[in-house]
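Each chain is listed here by its residues.
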Amino acid sequence: MTAQILDGKATAKAIKAELTERVAVLAARGVTPGLGTILVGSDPGSTWYVGGKHKDCAEVGIKSIRVDLPEDTTQEILLAKVRELNENPECTGYIVQLPLPKHIDQDVILEAMDPAKDADGLHPMNLGRLVANVNRPMTSPLPCTPKGCVELLARHDIDLDGKNVLVVGRGVTIGRPIGLLLTRRDVNATVTLAHTGTADLASHLAQADVVIAAAGQPHMIKAKDLKPGAIVLDVGVSRVNDENGKAVVTGDVEPAAYEVASWISPNPGGVGPMTRAMLLANVVESAERAAGI
Ligand SMILES: Nc1nc(=O)c2c([nH]1)NC[C@@H]1CN(c3ccc(C(=O)N[C@@H](CCC(=O)O)C(=O)O)cc3)C=[N+]21
């Protein structure tokens, strides 16, 4: 068996085309969604990601507001910028690029954001709503990568109901929220430690119909441990040197898994592009909610 591909690139492209239509409908009502980004410091990866977010906005017609601050920005100055974007009517959603420099308390910053403008869905109020509000659809922003994982599966007509889903990794941006998101459905979701000893991890994997690998540990998920026919989302991102010593992006799942899984999302080219598309979707949805659409 060779796995079918959960093509995040093509799926994200289709979603961006739909969002472009929705932005045009909003424009006809005089509403233009706007994404703000706050970048503290000049980490090359973060700078690259933020640049990509502004490119994505331009592609679908979303206005974007860029706030770049020096590495030594104080927590007070950053909080003032957050409050400015909370009040800025042109900004219907914004993100604070993570990770922040060590001298800044990330939790304090995220909690100062207006939950309605939290385009990352990482504000405690929005994460908390994932636990509560189970009898009504989510109307607050969902974290982009978890939302992207569920959307990628849905767009390939993969139904999760009744399945054993194993989430490997408990990070606050992926593992924990995706576990919460999945338990809002008829899914048997298990969130396991990324550093579980291989014996424990193997026993969890053996029962998993769906594996969401979000550990950020290169090739830690071994083909031999996967249930034949498993559906695998390779989410964790690591940069390793290839055989020529060149730094490349790789995932948590070893390549041999393509021979065992029934579906697999490539990394790069799977959940990453979906994360970016879901950020745009969160901004458009916030603007639609504000416009009463
Ligand atoms: N406030 C905040 N929100 C984030 O969502 C956020 C963040 N901070 N900090 C950094 C991480 C990382 N992240 C990625 C997004 C897309 C790809 C992506 O599209 N990757 C391409 C490969 C890109 C490459 O070649 O490096 C792919 O998977 O195909 C990767 C990683 C969002 N993050």
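Please read these numbers as outputs of a predicted model, since none were measured by experiment.

Undergrad: An account of the pairing of strand 7 (residues 210–213) is needed here, citing residue identities and associated values.
TA: What you see with strand 7 is no split at all: Val210 and Ile212 on one side and Val211 and Ala213 on the other are buried throughout. Note: strand 5 (residues 164–168) against strand 7, 4 bridges, orientation parallel. Pairing of Leu166 across the sheet is with Val211, part of strand 7. Here strand 7 pairs with strand 8 (residues 231–234) via 4 bridges, running parallel. Within strand 8, the position partnered with Val210 by the bridge is Ile231.

Undergrad: Residue-level account of the UniProt feature "binding site: NADP(+)" (unreviewed entry) in the chain, with values.
TA: Mapped onto this structure's residue numbering, the UniProt feature "binding site: NADP(+)" (unreviewed entry) falls at Gly169, Arg170, Gly171 and Val237. What stands out for the annotated residues spanning 69 residues is how close their C-alpha atoms remain, the widest pair being 14.3 Å apart. Considering only the annotated residues already named, the ones lining the largest pocket are Val237. Within the fold, Arg170 resides in the loop between strand 5 and helix 7 (175–182). Among the residues examined, Arg170 registers a relative accessible area of 41% and is labelled partly exposed. Val237 sits in the partly exposed class, given a relative accessible area of 45%. For Val237, the contacting residues outside a window of four places in its chain are Gly216, Val249, Thr250 and Asn267.

Undergrad: Describe the sheet that holds strand 6 (residues 188–192), listing the residues and the values that go with them.
TA: Overall, parallel pairing links the 6 strands, which are arranged 1-11-8-7-5-6 in an open sheet. Every interior strand has two partners, whereas the edge strands, strand 1 (4–5) and strand 6, have only one. One ladder, built from 2 bridges, connects strand 1 with strand 11 (residues 263–265); its direction is parallel. Looking at strand 11, one finds that Gln4 is bridged to Trp263. This element, helix 6 (residues 144–154), spans strand 7, strand 8 and strand 11 of the sheet and lies at about 140° to strand 8.

Undergrad: Explain the pairing of strand 9 (residues 238–241) to me, and be specific about the residues and the numbers.
TA: Where strand 9 lies against strand 10 (residues 247–250), 4 bridges are found, and the strand directions are antiparallel. In the strand pairing of strand 10, Asn241 is matched with Ala247. Taking the residues that link successive antiparallel strands as the turn, the strand 9-strand 10 hairpin has 5 residues, and the phi of Gly245 there is positive, at about 80°.

Undergrad: Any details on the packing of helix 1 (residues 8–28) against helix 2 (residues 44–60)? Residues and values, ideally.
TA: Contact geometry for helix 1 and helix 2: axes closest at 8 Å, N-to-C directions at 60°. Looking at the two axes, helix 1 sits oblique to helix 2. When helix 1 is examined against helix 2, the residues Lys16, Thr20 and Val23 are found in contact with a partner set consisting of Asp56, Glu59 and Val60. Broken down by class, the residue content of the contact of helix 1 with helix 2 amounts to 2 nonpolar, 1 polar and 3 charged.

Undergrad: Can you explain the UniProt feature "domain: Tetrahydrofolate dehydrogenase/cyclohydrolase catalytic" (unreviewed entry) in the chain? Please cite residues and give values.
TA: UniProt tags residues 6–120 as "domain: Tetrahydrofolate dehydrogenase/cyclohydrolase catalytic" (unreviewed entry). Segment residues 6–120 splits into 50% helix and 16% strand. End C-alpha atoms: 23 Å apart.

Undergrad: Could you give me a rundown of the layout of surface pockets, with the residues and numbers involved?
TA: Space inside the largest pocket adds up to approximately 1400 Å³. If you trace the largest pocket, you find 47 residues lining it, with Tyr49, Thr145, Val237, Gly272 and Thr275 closest to the centre. Of all the secondary-structure elements, those providing two or more residues to the lining of the largest pocket are helix 1, helix 2, strand 4 (93–96), helix 6 and helix 9 (271–290). At 7 residues, the largest contribution of residues to the lining of the largest pocket is made by helix 2. The residue inventory of the lining of the largest pocket, partitioned by class, reads 23 nonpolar, 14 polar and 10 charged.

Undergrad: I'd like a description of the packing of aromatic side chains, backed by residues and values.
TA: In this structure the tally under the stated criterion is 1 aromatic pair. Each ring, one from Trp48 and one from Tyr49, has its centre 5.4 Å from the other, and the planes form 75°; the classification is edge-to-face. Overall, Trp48 belongs to the exposed group, its relative accessible area being 54%.

Undergrad: Any chance you could break down the site of the ligand for me, citing the residues and the numbers?
TA: Surveying the vicinity of the ligand reveals 14 residues, the closest of which are Val96, Leu98, Asp120, Arg239 and Gly269. A distance of 2.6 Å is found between a nitrogen atom of the ligand and a side-chain nitrogen or oxygen belonging to Asp120. Between the ligand and the protein, one listed contact pairs an oxygen atom with a backbone N or O atom of Pro273 at 3.5 Å. Starting from 680 Å² of accessible surface for the ligand in isolation, the protein chains cover 77%. Among the cavities detected, the one that contains the ligand is the largest pocket. When contributions to the shell around the ligand are tallied by element, the ones reaching two or more residues are helix 2 and helix 9. Residues of the shell around the ligand, tallied by class, amount to 7 nonpolar, 3 polar and 4 charged. Split by domain, the residues of the shell around the ligand number at least three in each of domain 1 (29–116) and domain 2 (143–273).

About the cut-offs
- Residues numbered from 1 in each chain as written.
- Predicted model: local features only at pLDDT ≥ 70, side-chain atom pairs only at ≥ 80, totals over all residues.
- Heavy atoms only, no water.
- Buried < 20%, exposed > 50% of the residue type's maximum accessible area, 1.4 Å probe, protein only.
- Helix = DSSP H or I, 4+ residues; strand = E, 2+ residues; numbered from the N terminus.
- Pairing = 2+ DSSP bridges.
- UniProt positions renumbered as here; feature names shortened; annotations may be inferred.
- 1 Å grid on protein atoms, 1.4 Å probe; cavity = no way out; pocket = protein on both sides within 12 Å on 5 of 7 lines; lining within 4 Å.
- Contact = heavy atoms within 4.5 Å.
- Axes fitted to C-alpha atoms, helices over the stretch in contact; angles between N-to-C directions.
- Parallel < 35°, antiparallel > 145°, perpendicular 65-115°, else oblique.
- Nonpolar A, V, L, I, M, F, W, Y, C, P; charged D, E, K, R; others polar.
- Points joined across faces, edges and corners; volume = space filled by probe spheres on them.
- Phe/Tyr/Trp six-rings, centres within 6.5 Å; stacked < 30°, edge-to-face > 60°.
- Near = heavy atom within 4 Å.
- Polar contact = N/O pair within 3.5 Å; in protein donor to acceptor, adjacent residues only side chain to side chain.
- Areas by Shrake-Rupley, 256 points an atom, 1.4 Å probe, with all protein chains shown as cover.
- Sits in = over half its atoms within 2 Å of the grid points.
- Domains from an automatic or database assignment.

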